[in-house]
Amino acid sequence: MPDIDPEGHIPVFVPHLGPEVYEATAQALDFGYLGLGPLTKRFEDALASWLDLGREGRHVVATNSCTAALHLATLLAGAGPGDEVICPAFTYVAAHQAVSMSGADVVFCDVDDGTFCLDPDKARALVGERTKAIMVCHYAGAVGRLDEIYGLADEHGLRVIEDAAHALGSRHRDRLVGSFGDLVCFSFGPVKTITTLEGGAIVTPRVDEVATLHQHRLLGVDKDTEARYESRRAWEYDVVRPGFRYHLGSIPSAVGLAQLELLDTFVKNRRDYCRAYDEAFAALPGVTTMGVDWEDVGPFIYPLRVPAAARPGLVEHLRARGIDTGIHFFMGAHGFSQYRDSRRGDLSVTERVCHETLTLPLWSFMDQRVLDRVIDGVQSFFA
Ligand SMILES: *Cc1c(COP(=O)(O)O)cnc(C)c1O
């Protein structure tokens with residue numbers, strides 16, 4: 001595990017890789033079955049149990065990234081060449097590329113000023129004959145006006161894809177993100193709230209989609225997933241649909257199982273740190289915090305909003321004190337060369353807030369001295 005000297009350099013992210021991760025990895029290596037196997041199934045079951053999916057009749061399929069999960073979600077939505085998926089411009093380009101992989105076109109939609117989540121009114125204006133799905137991103141773990149998004153999707157018979165890469169442990173109306181709604185995708189990438197090194201998962205409300213997902217995940221092959229879950233192989237099989245190499249192997253699954261054991265602690269600690277930041281920055285002129293109740297959020301990042309003109313100076317000021325910052329996101333994805341010609345609506349909020357957000361260090365076990373240094377760094381800049 002990286003050793004963070006509280007007086008030394010402070011990174012934005014520090015994955016927690018405690019002895020339990022090393023133990024789980026060693027055990028999995030000793031077991032000797034490395035591919036998609038029983039540990040993958042165990043990880044899926046443990047995640048389903050943490051999310052309380054059994055009670056809700058929902059199903060989880062682990063993938064080797066959230067990007068893969070989002071791609072599969074796009075396929076389940078029936079989106080392909082000639083179709084459109086409405087996406088926030090203000091999110092990670094993984095989401096847009098996942099849609100592009102299906103052959104469907106990305107349509108860029110603005111976010112709400114304040115939550116930075118998809119604006120349902122602006123999304124409504126973009127729905128057309130070709131629309132197959134609406135994708136949302138739970139920015140910094142907050143879900144925004146999600147009920148209105150589902151209402152809009154219902155009206156038009158569209159599927160909703162929730163990019164919940166930031167939202168493991170977030171709640172909406174007392175229900176965990178993933179335990180309700182349509183297709184929900186999580187990331188367990190290197191810096192996410194829990195990690196499987198690289199990994200992700202998709203949750204579907206439809207039992208008939210589980211086999212489809214298993215097949216898409218493993219080269220379109222039928223039956224083999226069930227065999228591999230029991231350390232066997234189906235040596236004769238059919239290939240029944242387009243397929244990818246998207247499964248989560250045994251070693252990442254073992255890491256994920258160890259991480260899940262600690263997830264309650266991760267979430268609790270992160271909430272405490274976010275509250276400490278909120279409190280420290282509440283009175284700073286020109287500084288806006290997310291304004292969320294962290295009790296409802298599984299915090300992945302802590303974004304601060306500052307005047308655009310102040311941001312570069314603040315970054316420099318903190319860097320001089322050995323404190324790294326991140327930017328989520330420095331521009332709307334509609335500005336990338338790849339998406340130059342994509343259809344879009346009014347993106348004025350995205351255009352503005354991408355110059356105003358700054359991500360402060362946040363991880364699962366932060367020393368009080370680290371928090372104090374970050375707080376003092378920000379306060380002293382605005383003093
Ligand atoms: C991390 C992230 C992704 C991609 O997740 P991977 O597991 O790295 O593919 C997608 N969307 C958002 C908002 C993310 O933060």
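Quick look at the structure, then. Given the structure is predicted, the values throughout are model-derived calculations rather than measurements.

Regarding the layout of surface pockets
Right, on to step 1. One number sums up the size of the largest pocket: a volume of about 460 Å³.
Right, on to step 2. Tyr92, Ala94, His166, Lys192 and Phe329 are, among the 28 residues lining the largest pocket, the residues nearest its centre.
Right, on to step 3. Counting residues per element, the lining of the largest pocket draws most heavily on helix 4 (residues 66–76), which supplies three residues.
Right, on to step 4. Residues that form the lining of the largest pocket fall into these classes: 17 nonpolar, eight polar and three charged.
Right, on to step 5. Approximately 310 Å³ is the volume found for the second largest pocket.
Right, on to step 6. In terms of lining, the second largest pocket is formed by 14 residues, of which the most central are Ala24, Gln27, Arg42, Ala254 and Leu257.
Right, on to step 7. Among the elements of the structure, helix 1 (19–31), helix 2 (38–50) and helix 10 (250–281) are those that each provide at least two residues to the lining of the second largest pocket.
Right, on to step 8. A total of six residues in the lining of the second largest pocket trace back to one element, the largest contributor, which is helix 1.
Right, on to step 9. Along the lines of polarity and charge, the residues of the lining of the second largest pocket split into nine nonpolar, one polar and four charged.

Details of the nonpolar core
Soluble globular proteins: nonpolar side chains tend toward being buried together.
Right, on to step 1. Counting residues in each nonpolar core, the largest one holds 52 residues, and the members touching the most others are Leu47, Leu51, Leu168, Phe186, Phe188 and Leu263.
Right, on to step 2. Tallying contributions element by element places helix 10 first for this core, with nine residues.
Right, on to step 3. For Leu47, the contacting residues outside a window of four places in its chain are Val60, Leu168, Phe188, Ala201 and Leu260.
Right, on to step 4. Listed in part, the 42 residues of the second largest apolar core include Val111, Tyr273, Phe281 and Tyr302.

A few points about the side chain of His214
Right, on to step 1. With respect to the helices, strands and loops of the structure, His214 is situated in helix 8 (residues 208–217).
Right, on to step 2. By relative accessible area, which is 8% here, His214 ends up buried.
Right, on to step 3. Separated by 3.3 Å, the side chains of His214 and Glu226 make a polar contact.
Right, on to step 4. Setting aside residues up to four positions removed in sequence, His214 forms contacts with Val61, Thr225, Glu226 and Tyr229.

Some words on the site of the ligand
Right, on to step 1. What surrounds the ligand is a group of 13 residues, the closest being Cys66, Thr67, Asp163, Ser187 and Lys192.
Right, on to step 2. One nitrogen or oxygen atom from the main chain of Cys66 is found 2.8 Å from an oxygen atom belonging to the ligand.
Right, on to step 3. Asp163 is positioned such that a nitrogen or oxygen atom in its side chain is 2.7 Å from a nitrogen atom of the ligand.
Right, on to step 4. When the free accessible area of the ligand is taken as 380 Å², the share hidden by the protein chains comes to 90%.
Right, on to step 5. Of the residues belonging to the shell around the ligand, the class tally is five nonpolar, six polar and two charged.

Some thoughts on the pairing of strand 2 (residues 84–88)
Right, on to step 1. In terms of burial, strand 2 is largely enclosed, as five of its five residues are buried.
Right, on to step 2. Residues Glu84, Ile86 and Pro88 of strand 2 are buried on one face, and the alternating residues Val85 and Cys87, pointing to the opposite face, are buried as well.
Right, on to step 3. Each parallel crossover has a hand, and for strand 2 linked through helix 5 (residues 93–101) to strand 3 (residues 105–109) it is right-handed.
Right, on to step 4. Across three bridges, strand 2 lies against strand 4 (residues 131–137) in parallel orientation. Note on strand 4: the bridge partner recorded for Glu84 is Thr131.

Re the sheet that holds strand 2
Right, on to step 1. What the seven strands build is an open sheet, ordered 1-9-8-5-4-2-3; its pairing is mixed. Sheet topology places strand 1 (59–63) and strand 3 at the edges, where each strand pairs with a single neighbour. Averaged over neighbouring strand pairs, the angle between their axes works out to 20 degrees when direction is ignored.
Right, on to step 2. In terms of strand pairing, strand 1 meets strand 9 (residues 200–204) through five bridges, oriented antiparallel. Counterpart to His59 in the pairing with strand 9 is Thr204.
Right, on to step 3. Together, strand 1 and strand 9 form the strand contacts of helix 2, whose direction differs from that of strand 1 by roughly 135 degrees.

Quick look at the packing of helix 1 against helix 10
Relative placement of two packed helices is described by the angle separating their axes and the distance separating the axes.
Right, on to step 1. Taken N-terminus to C-terminus, the directions of helix 1 and helix 10 make an angle of 150 degrees; their axes are 8 Å apart at the nearest point. For the pair helix 1 and helix 10, the sense of crossing is right-handed. In this structure, helix 1 uses Glu20, Val21, Ala24, Thr25, Ala28 and Leu29 to contact helix 10, whose residues at the interface are Ser250, Ile251, Ala254, Val255, Ala258, Gln259 and Leu262.
Right, on to step 2. Residue composition of the contact of helix 1 with helix 10, grouped by class: nine nonpolar, three polar and one charged.

Examining the side chain of Glu44
Right, on to step 1. Examined against the element boundaries, Glu44 turns out to sit in helix 2.
Right, on to step 2. Residue Glu44 is classed as buried on the basis of its relative accessible area of 4%.
Right, on to step 3. A polar contact is formed between the side chain of Glu44 and the side chain of Tyr229, at a distance of 2.5 Å.
Right, on to step 4. Excluding residues within four positions of it along the chain, Glu44 makes contact with Val60, Val61, Ala62, Arg217 and Tyr229.

Remarks on unusual backbone geometry
Right, on to step 1. At the junction of His328 and Phe329, the peptide bond is cis and its omega measures out at 5 degrees in the coordinates.
Right, on to step 2. Looking at the element boundaries, Phe329 is found in the loop between helix 11 (311–320) and helix 12 (348–353).
Right, on to step 3. Positive phi, normally seen in glycine, also occurs at Asp52, with a value near 60 degrees.
Right, on to step 4. One non-glycine residue with positive phi stands out, namely Ser231, at about 60 degrees.

Quick notes on the rules
Residues numbered from 1 in each chain as written. Predicted model: local features only at pLDDT ≥ 70, side-chain atom pairs only at ≥ 80, totals over all residues. Heavy atoms only, no water. 1 Å grid on protein atoms, 1.4 Å probe; cavity = no way out; pocket = protein on both sides within 12 Å on 5 of 7 lines; lining within 4 Å. Points joined across faces, edges and corners; volume = space filled by probe spheres on them. Helix = DSSP H or I, 4+ residues; strand = E, 2+ residues; numbered from the N terminus. Nonpolar A, V, L, I, M, F, W, Y, C, P; charged D, E, K, R; others polar. Core = buried A, V, L, I, M, F, W, Y, C linked by side-chain atoms within 4.5 Å. Buried < 20%, exposed > 50% of the residue type's maximum accessible area, 1.4 Å probe, protein only. Contact = heavy atoms within 4.5 Å. Polar contact = N/O pair within 3.5 Å; in protein donor to acceptor, adjacent residues only side chain to side chain. Near = heavy atom within 4 Å. Areas by Shrake-Rupley, 256 points an atom, 1.4 Å probe, with all protein chains shown as cover. Right-handed = clockwise from strand over helix to strand, strands pointing away. Pairing = 2+ DSSP bridges. Axes fitted to C-alpha atoms, helices over the stretch in contact; angles between N-to-C directions. Left-handed = near helix turned anticlockwise from the far one by under 90°.

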